[in-house]
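Descriptive structure summary
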Amino acid sequence: MQLGMVGLGRMGANMTRRLMRGGHEMVVSDLSAAAVQQMADEGAVASSSLDDLVNKLFAPRAVWIMVPAGDPTEKTVQALLSTMQAGDAIIDGGNSYFKDDVRRSKMCGEKGVHYVDVGTSGGVWGLERGYCMMIGGPKEAVARLDPIFKTLAPGRGDIPRTPGRENLGGTAEDGYIHCGPSGSGHFVKMVHNGIEYGMMQAYAEGFDIFKNATSKDLPEEIRYDLNLADIAEVWRRGSVVASWLLDLTAMALAENPTLSEYSGFVQDSGEGRWTIQAAIEEAVPAEVLSAALYTRFRSRQDHTFAEKILSAMRQKFGGHVEPKATAKTT
């Protein structure tokens with residue numbers, strides 16, 4: 001299948017590579033001419049502008065956007081919409097706010113263009129592992145794009161089947177689902193990221209307790225000098241708290257048990273805030289997710305080992321780098 005890709009950052013470039021490996025024809029665009037040339041060298045079709053990209057696609061066209069949420073996405077959607085035609089599809093694979101998706105879907109629908117929102121999880125590891133996708137939009141558009149989703153998804157792999165799934169059907173076991181109408185894909189991904197905040201915070205606090213088990217404020221007989229890298233490793237093997245986030249924590253601690261290269265300055269990318277807003281609108285208590293978000297706010301003023309654990313996990317799964325200019329060290 002032919003697909004346009006706008007945005008060749010960490011995820012956009014690797015998604016392009018994975019799709020080309022799967023036999024799809026990719027037409028690419030980016031503000032960086034060097035990034036476009038790199039993909040062209042690897043087999044993609046280069047374009048010099050969004051208009052040029054659209055002109056190089058066959059109708060009905062499909063263009064996937066992987067640019068930052070907010071104004072960059074808004075401007076890209078509007079620019080594409082000005083040249084696309086009825087039956088074409090715009091896919092937002094970034095982390096847009098789901099209410100923006102609903103508005104954009106109506107805007108695109110006035111011209112007969114389908115708008116599909118795809119919450120995409122996989123980070124810098126997605127090229128090899130595949131991407132978990134939560135999709136919102138019109139059924140007919142999602143069905144037409146299925147070959148793209150199937151190639152990007154991780155597939156069933158060697159994960160044991162959940163008892164009872166054999167009678168349910170669908171694509172969930174392949175790593176992607178059509179959640180519902182416009183906005184639903186990013187809504188599910190938003191809550192996914194909110195849960196991620198809570199899980200990461202739980203690990204971070206636990207390892208901070210381990211690190212401070214040598215405190216002089218404790219009686220000497222219950223001071224423990226623990227090997228944090230070994231604890232993370234043993235928990236990966238048969239423990240009920242095993243997860244990919246723990247795998248990444250074990251990796252970071254094996255590389256440097258003190259995490260001295262991290263300041264503990266932890267950013268939030270927006271989805272955590274939106275998740276709490278949704279919880280407020282629905283009157284749903286979300287104490288853990290709220291506390292995890294507030295801890296990230298606090299991390300920018302006062303850093304503990306817990307924040308270093310969070311920074312390490314974010315760097316490992318998403319390539320997120322701490323802002324050096326404002327970071328403080330302990």
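First, a word on what this report is: a plain description of the structure on this page. (Residues numbered from 1 in each chain as written. Predicted model: local features only at pLDDT ≥ 70, side-chain atom pairs only at ≥ 80, totals over all residues. Heavy atoms only, no water.)

This part is about the overall build of the chain. A tally of regular secondary structure across the chain gives 14 helices and eight strands. Against the compact-globule benchmark of 20 Å for 330 residues, the chain has a radius of gyration of 22 Å, which places it among compact chains. Overall, the chain is about 75 × 50 × 40 Å in size when its C-alpha atoms are taken along their principal axes. For the chain, the proportion of its 330 residues judged to be buried stands at 49%. Considering only contacts in the chain between residues 6 or more positions apart, those separated by 24 or more positions represent 68%. Here the chain displays about 15,900 Å² of accessible surface, and carbon together with sulfur accounts for 56% of that area. Averaging the positions of the 34 positive and the 41 negative side-chain charges in the chain gives two centres separated by 2 Å. (Helix = DSSP H or I, 4+ residues; strand = E, 2+ residues; numbered from the N terminus. Rg over C-alpha atoms; globule rule 2.2 N^0.38 Å. Buried < 20%, exposed > 50% of the residue type's maximum accessible area, 1.4 Å probe, protein only. Contact = heavy atoms within 4.5 Å. Areas by Shrake-Rupley, 256 points an atom, 1.4 Å probe, with all protein chains shown as cover. Lys, Arg positive; Asp, Glu negative; His and termini not counted. Charge placed at Lys NZ, Arg CZ, Asp CG, Glu CD.)

Turning to its location among the elements, L253 is positioned in helix α11 (residues 244-255). Measuring from C-alpha to C-alpha, the distance between L253 and L226 comes to 12 Å, with 27 residues separating the pair along the chain. Discounting residues that sit within four places of it in the chain, L253 has contacts with F207, L228, A229, A232, L259, F305 and I309.

Strand order in the open sheet formed by eight strands is β3-β2-β1-β4-β5-β6-β7-β8, and the pairing between neighbours is mixed. Two strands lie at the open edges of the sheet, namely β3 (45-46) and β8 (176-180), each paired on one side alone. Across five bridges, strand β1 (residues 2-6) lies against strand β2 (residues 25-29) in parallel orientation. Opposite Q2, over in β2, you have E25 as the bridge partner. The sheet strands contacting helix α5 (residues 98-109) are β5 (89-92) and β6 (114-121), and the helix crosses β6 at an angle near 150 degrees. (Pairing = 2+ DSSP bridges. Axes fitted to C-alpha atoms, helices over the stretch in contact; angles between N-to-C directions.)

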